[in-house]
Every structure is written in C-alpha cells, then in structure tokens.
Amino acid sequence: MRARLLMLASLARAFRAPAARNVRSSLRAVATEEKPPFYCTTPIYYVNAAPHIGHAYTSVACDAAVRFAKLDGRRAMLVTGTDEHGEKVEESAKAKGVAPLDFATEVSATFRDLAESFDVDFDRFVRTTEPAHARAVEKLWKALEANGMIYLGSYEGWYCVRDECYYTESELVDGKAPTGADVEWKAKEPSYFFKLSAFREKLIDLYEGDEDALGPKSRRNEVLSFLKGEELRDLSISRTTFKWGLSVPGDDDHVIYVWVDALANYLTALGYGDDDDEWRDMWAGATHVVGKDILRFHAVYWPALLLAADLPPPKKIFAHGWWTKDGAKISKSLGNVVVPAELLADYGVDATRYFLLSEVPFGGDGDFSRTAMLAAANGFLANAVGNLCQRCCAMIAKNCGGAAPALPDEPTDDDAALLAAARGLGDAMRPHADALRLDGALSEVEAVVRAANRYFDRNEPWKLRKSDPERMGDVLAVSLETLRCIAIAYQPFMPDAAGRMLALLGVAEGPDRAPSGAPGGASGGAALPPKPVFPRIEDDEGAEGPRS
C-alpha cells in the first residue's frame with residue numbers, strides 16, 4: 001500500500017487565509033477522531049474485454065470522492081482492480097491460444113493503465129489471481145460453511161456466459177438474458193448452494209431501515225421492489241464444467257462461482273484473509289460504487305453473503321447510470337464507441353475528468369457529445385476559470401511588480417461577500433461530496449467562479465490602475481484569494497490543473513502546496529507570470545457552448 005502523508009489541516013482550514021492553513025497536494029490524510037474513515041471501491045473490472053468509458057467514469061468518480069475525503073482530513077482509501085476468473089476468461093484465453101493467467105495479466109495491465117492515465121490515485125489494485133485474494137475467499141467460504149449457509153446439491157437452467165449468471169425462464173426477454181446477452185441451457189450438474197433465500201427479510205429491513213445504505217433513491221426502490229416482489233432462490237455458488245477459478249476448499253472438483261470470488265475483493269484489499277481484525281476499522285466506512293447493470297449482485301448477493309458470514313454489510317452501495325453518445329446507445333455495431341484514450345488525446349485529462357463529473361447528476365444516465373464537451377472545456381474552464389486567472393495574474397505582473405498585493409484591511413461589502421463565498425467552499429461542497437453528489441459539489445465551485453468574474457468586471461481594476469491604484473490592489477488581492485480557494489476546491493476533481501493553478505498563484509511547489517504566508521495566497525515577492533491553466537480546445541466547427 002502506498003505510503004500515506006499526514007494532512008496538516010482539514011478542508012475547512014484549507015479555505016481560510018493562507019497563513020492559517022497548509023494543504024497537501026497529494027491529498028493523503030489520516031482521519032481525525034471526529035471524522036469516520038471512508039473506504040471507496042470501484043467494481044472489480046472483468047478482464048474479458050478492453051476498458052471503456054464506463055470504467056473510466058466509475059474510477060474517476062471514486063477517485064474524486066476519495067481525494068475530497070482526504071483533503072477533508074479523513075482517513076480514506078480507494079480500491080480498484082480486476083476480476084480474472086470464470087468461464088468467459090477461460091474461453092477468451094483459449095481463443096487467443098494463451099494460458100488464462102497470461103491473458104488475464106495482459107488485460108489487467110490495461111485497466112491499471114486506464115486508471116493512471118485518468119489521474120486515478122488508487123491505494124490498492126486487487127487482482128483476483130493474487131494469493132492474498134485466494135486467502136480472503138477461502139476465509140469467507142469457510143465462515144459461510146461453518147454457519148451452515150452452504151449445502152451441496154445440483155443445478156440446471158439457462159446460463160449466460162457473458163453475465164456469468166443463471167436466469168429463470170421468467171427473467172428471459174425474447175429468449176435472451178435481461179442484459180440482451182445470449183443464454184444457453186446448462187444440463188444438471190453438481191453445485192454448492194448459498195442459502196440466499198434466508199436473507200430476503202433481512203435485506204428489506206436493511207434498506208428500509210437506512211435510506212442511505214443504497215442509492216440513488218431510484219435504485220433503492222428498484223432493489224426493494226425486487227426483494228418484495230418474489231422469493232429469493234438459493235444461489236448456485238460453484239461450477240464443475242470448467243477449471244479456471246478458485247477451488248472450493250476441500251473439494252477440488254468445484255470452482256467457486258466467479259461473482260462470490262469477485263465480490264470478496266472488497267475484503268481482500270483490507271487484509272481480511274489475514275489473521276487479524278485490522279480490516280474492520282476501515283470497513284466501517286465501506287462505499288461500493290457500481291454500474292446499475294451489476295446492482296443486484298452488489299445489493300442482494302453481497303450483503304447476504306456478508307450477513308451469513310457474520311460480517312457487517314457495506315455502509316453504502318451507490319449505482320451510477322450509463323453513458324450514451326449523441327443520444328444513441330454506445331455499441332460496437334453502431335461504431336460510436338467512446339475510447340478513453342481518444343478522449344484524453346482530444347481534450348486532456350483535466351477537461352475530461354471535469355466533464356464526466358459535472359455533466360450529469362451522479363447516479364443518472366449521461367450523454368456524451370462534442371458540443372457538450374467543448375462547453376465544459378472551452379465555455380467554462382478556459383473562459384470562466386482560466387481567463388479570470390490569466391487576467392488577474394497579468395495585471396499583477398504588469399502593475400504590481402509581480403508581487404501579490406495584500407488583502408484589504410477594511411474590505412468593502414463586495415469584497416467580503418466574495419471572500420466569504422470562496423472560503424466557505426469546503427463547507428458548501430462537503431454535504432454533496434459525502435452523498436456522492438459530485439456534480440453538486442462542482443456546482444458550488446462554479447457559482448463562486450461566476451461570482452468572481454462578475455466581481456472582477458464590476459470593479460474594473462484596469463480602470464482603477466490610474467484612478468485608484470490602492471483600490472486596484474485590493475480588487476486583485478480579493479480575486480487572487482478567491483482563485484486560490486477555487487484551485488484548492490478543484491484538487492479532487494482536476495488534480496493536475498489545480499496544481500498548476502496553485503503554482504501560478506504563488507502557492508509553493510512541492511508536497512505541501514503551502515503558501516508562504518502572505519495574505520492573498522502568494523508570497524510578497526512571488527512572480528506571477530500569466531500562463532493559461534486551461535488551454536482552449538480547437539474545434540473545426542467552432543462549437544463552444546454557453547457554460548461560461
């Protein structure tokens with residue numbers, strides 16, 4: 001696990017006057033006694049296919065949530081990884097003429113690369129083929145077995161290899177799985193079963209007793225409707241028709257069902273397979289972020305498995321929506337696949353992260369279009385944020401000898417209102433971030449950005465240069481301090497751009513990102529050369545969008 005750095009100030013302190021705060025750019029933190037830990041996981045991605053925009057979206061969202069928590073002084077941890085067992089992987093490896101582990105290793109590397117290319121600062125990357133995971137799965141299986149929750153029987157039915165899931169006749173849609181994938185009839189085979197049927201009422205009580213345990217509300221209603229609408233069938237949790245997977249403890253003829261194997265990764269990352277209970281402290285803040293297509297596995301099977309093993313369920317499960325492109329479903333057959341690497345090449349990592357997190361309410365479906373992307377990149381980031389930063393720094397460089405002017409001793413009402421909004425960003429964003437309303441957290445920053453632009457234009461410092469140089473310095477100082485707070489607020493969402501912005505504003509380079517103490521966020525002698533933080537993206541059609 002990567003080394004953690006001690007956070008010297010909470011998020012609230014970060015937005016106060018620079019002399020009173022010290023913010024670490026790495027956003028590593030150790031929890032204070034007042035704040036609970038935050039353990040956030042992406043789904044563990046299946047290595048059957050290459051990463052797509054959905055994988056990037058989930059990972060970026062989890063990364064932003066964890067970075068915010070760390071900036072807020074909480075002990076926080078981000079886990080992602082790859083699910084590498086199962087029939088699909090065995091078949092794909094065979095088709096390529098390679099061993100399953102070699103195939104899985106190659107594809108797993110693409111998911112790690114995806115995370116790193118999108119500036120996802122994960123604390124643990126779990127592979128289900130690693131020894132630590134095998135220990136965790138074995139421990140979970142034995143706990144279920146010891147509690148009488150597993151029995152040997154036989155199973156037959158419609159099976160979907162792509163989904164790694166059995167479906168009943170009533171669940172099929174036009175002869176296919178509910179996901180649209182093909183199904184095939186599996187003849188009767190021996191199977192171990194998990195007594196899922198015993199947990200229907202417990203799961204209903206869980207979600208009705210805690211509205212925050214499953215979100216958003218529409219997904220909570222969906223799961224409760226499913227649980228109340230039909231009896232739960234015991235779950236087949238082993239296979240004998242293929243070998244690529246973890247063997248059932250004490251019965252090598254059976255491979256553990258890939259979903260039981262995969263879901264246990266959330267415990268693996270915390271060291272559950274070892275002999276101590278240190279994992280429990282972080283598990284108390286467990287939040288699983290998943291796509292809505294795998295909600296049932298996470299909101300029904302997984303909590304039931306945990307309860308059956310006398311383990312607490314996760315604190316929160318949150319299912320986000322899907323992305324379309326220009327209003328159409330993304331698919332290879334339509335030729336409209338959004339390739340993550342191409343997004344980064346066209347728009348850069350900062351603008352792409354910003355668009356994904358701000359475009360739609362997190363939990364709903366989103367539509368990708370070049371027009372919307374340019375509205376975010378050019379219409380807001382370049383025009384509203386970058387332009388204000390450049391104008392302010394250019395005036396300081398030209399009229400103040402490159403030194404940041406001091407904040408006014410007696411600020412006007414206009415000054416005070418903007419400073420209060422800027423320094424209150426942490427408190428304004430926290431409820432949104434804690435509830436995974438990431439777009440809401442960004443909307444708070446956007447409001448301050450727009451207020452800062454109105455303030456700058458209203459006070460016209462370029463005119464004050466001759467008529468009232470002292471007032472000009474006050475306006476520039478207030479604007480600079482506001483930009484400092486904006487840059488701090490953007491760190492979880494656009495870490496690279498926020499770092500460049502802090503450097504431009506005179507906040508010292510290095511791990512602390514600490515100002516040198518002068519009011520205004522820059523040292524008294526700091527040079528502030530105007531540099532574009534958010535470069536404009538060229539577009540042949542001239543699309544820009546109205547977001548500024």
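Under an unreviewed UniProt entry, the name given to the protein chain is methionine--tRNA ligase, and the source organism is Aureococcus anophagefferens. Quoted straight from UniProt, the Sequence similarities (unreviewed entry) entry for the protein chain says "Belongs to the class-I aminoacyl-tRNA synthetase family."

K.L.:
Any details on the packing of aromatic side chains? Residues and values, ideally.
P.N.:
Counted according to the given criterion, the structure contains 20 aromatic pairs. For the ring pair Tyr151 and Phe193, a centre distance of 5.5 Å and an interplane angle of 10° mean the geometry is stacked. On the criterion of sequence distance, the pair formed by Tyr151 in strand 5 (residues 150-160) and Phe193 in strand 7 (residues 184-194) is long-range, its members being 42 residues apart. For Tyr151, a relative accessible area of 34% translates into the label partly exposed. One aromatic cluster is present, formed by Tyr57, Phe318, Trp323, Tyr347, Phe355, Phe362 and Phe368 through successive ring pairs. The positively charged end of Arg112 is found above the aromatic ring belonging to Phe125, 4.4 Å away from the centroid. Its end group placed over the ring of Trp322, Lys292 keeps NZ or CZ at 4.6 Å from the ring centre.

K.L.:
Explain the environment of Asp123 to me, and be specific about the residues and the numbers.
P.N.:
Tracing the backbone shows Asp123 in the loop between helix 4 (100-117) and strand 4 (124-127). Look at Asp123 and you get buried, because its relative accessible area is 4%. Counting along the chain gives 146 residues from Asp123 to Ala269, while the straight-line C-alpha distance between them is 9.2 Å. Engagement of the side chain of Asp123 in a polar contact is seen with the side chain of Lys70, the distance being 3.1 Å.

K.L.:
Explain the sheet that holds strand 11 (residues 247-248) to me, using residue names and the numbers behind them.
P.N.:
Within the open sheet, the three strands sit side by side as 10-12-11. Their pairing is antiparallel. Only two strands of the sheet have a single partner each, and these edge strands are strand 10 (238-239) and strand 11. Two elements, strand 10 and strand 12 (residues 251-256), share two bridges in a ladder whose sense is antiparallel. Its bridge partner lying in strand 12, Arg239 is registered against Val255.

K.L.:
Give me the sheet that holds strand 5: which residues, what numbers.
P.N.:
Read across the open sheet, the four strands follow the order 6-5-7-9; overall the sheet is antiparallel. Edge positions in the sheet fall to strand 6 (165-167) and strand 9 (235-236), since each of these pairs with one other strand and no more. Summarising the sheet, strand 5 and strand 7 pair through nine bridges and their orientation is antiparallel. Pairing of Tyr159 across the sheet is with Glu184, part of strand 7.

K.L.:
Pulling in residues and values, what's your account of a negative patch on the surface?
P.N.:
Residues Asp409, Glu410, Asp468 and Glu470 make up a contiguous surface patch of negative charge. Secondary-structure assignment places Asp409 in the loop between helix 14 (370-399) and helix 15 (413-423). Look at Asp409 and you get exposed, because its relative accessible area is 80%.

K.L.:
An account of the pattern of salt bridges is needed here, citing residue identities and associated values.
P.N.:
Think of it this way: side chains of opposite charge can pair up when their charged atoms draw near. Going through the model one piece at a time under the given rule, you end up with 29 salt bridges. The closest approach of N and O atoms between Arg74 and Asp434, which form a salt bridge, is 3.6 Å. Of this pair, Arg74 sits in the loop between helix 2 (53-71) and strand 3 (76-83) while Asp434 is found in helix 16 (residues 425-434), placing the two residues 360 residues apart along the sequence. Overall, the relative accessible area of 10% leaves Arg74 in the buried class. A salt bridge links Arg500 to Asp350; the nearest nitrogen and oxygen atoms lie 3.5 Å apart. One end of the pair, Arg500, is in helix 20 (residues 495-504); the other, Asp350, is in helix 13 (residues 349-358), and 150 residues separate them in sequence. Connected via shared salt-bridge partners are Lys35, Asp72, Asp427 and Arg430.

Calculation notes
- Residues numbered from 1 in each chain as written.
- Predicted model: local features only at pLDDT ≥ 70, side-chain atom pairs only at ≥ 80, totals over all residues.
- Heavy atoms only, no water.
- UniProt positions renumbered as here; feature names shortened; annotations may be inferred.
- Phe/Tyr/Trp six-rings, centres within 6.5 Å; stacked < 30°, edge-to-face > 60°.
- Helix = DSSP H or I, 4+ residues; strand = E, 2+ residues; numbered from the N terminus.
- Buried < 20%, exposed > 50% of the residue type's maximum accessible area, 1.4 Å probe, protein only.
- Lys NZ or Arg CZ within 6 Å of the ring centre and 35° of its normal.
- Polar contact = N/O pair within 3.5 Å; in protein donor to acceptor, adjacent residues only side chain to side chain.
- Pairing = 2+ DSSP bridges.
- Patch = residues over 30% accessible without salt bridge, like charges linked within 9 Å, V, L, I, M, F, W, Y side chains within 5 Å.
- Areas by Shrake-Rupley, 256 points an atom, 1.4 Å probe, with all protein chains shown as cover.
- Salt bridge = Lys/Arg side-chain N within 4 Å of Asp/Glu carboxyl O.
- Lys, Arg positive; Asp, Glu negative; His and termini not counted.
- Charge placed at Lys NZ, Arg CZ, Asp CG, Glu CD.

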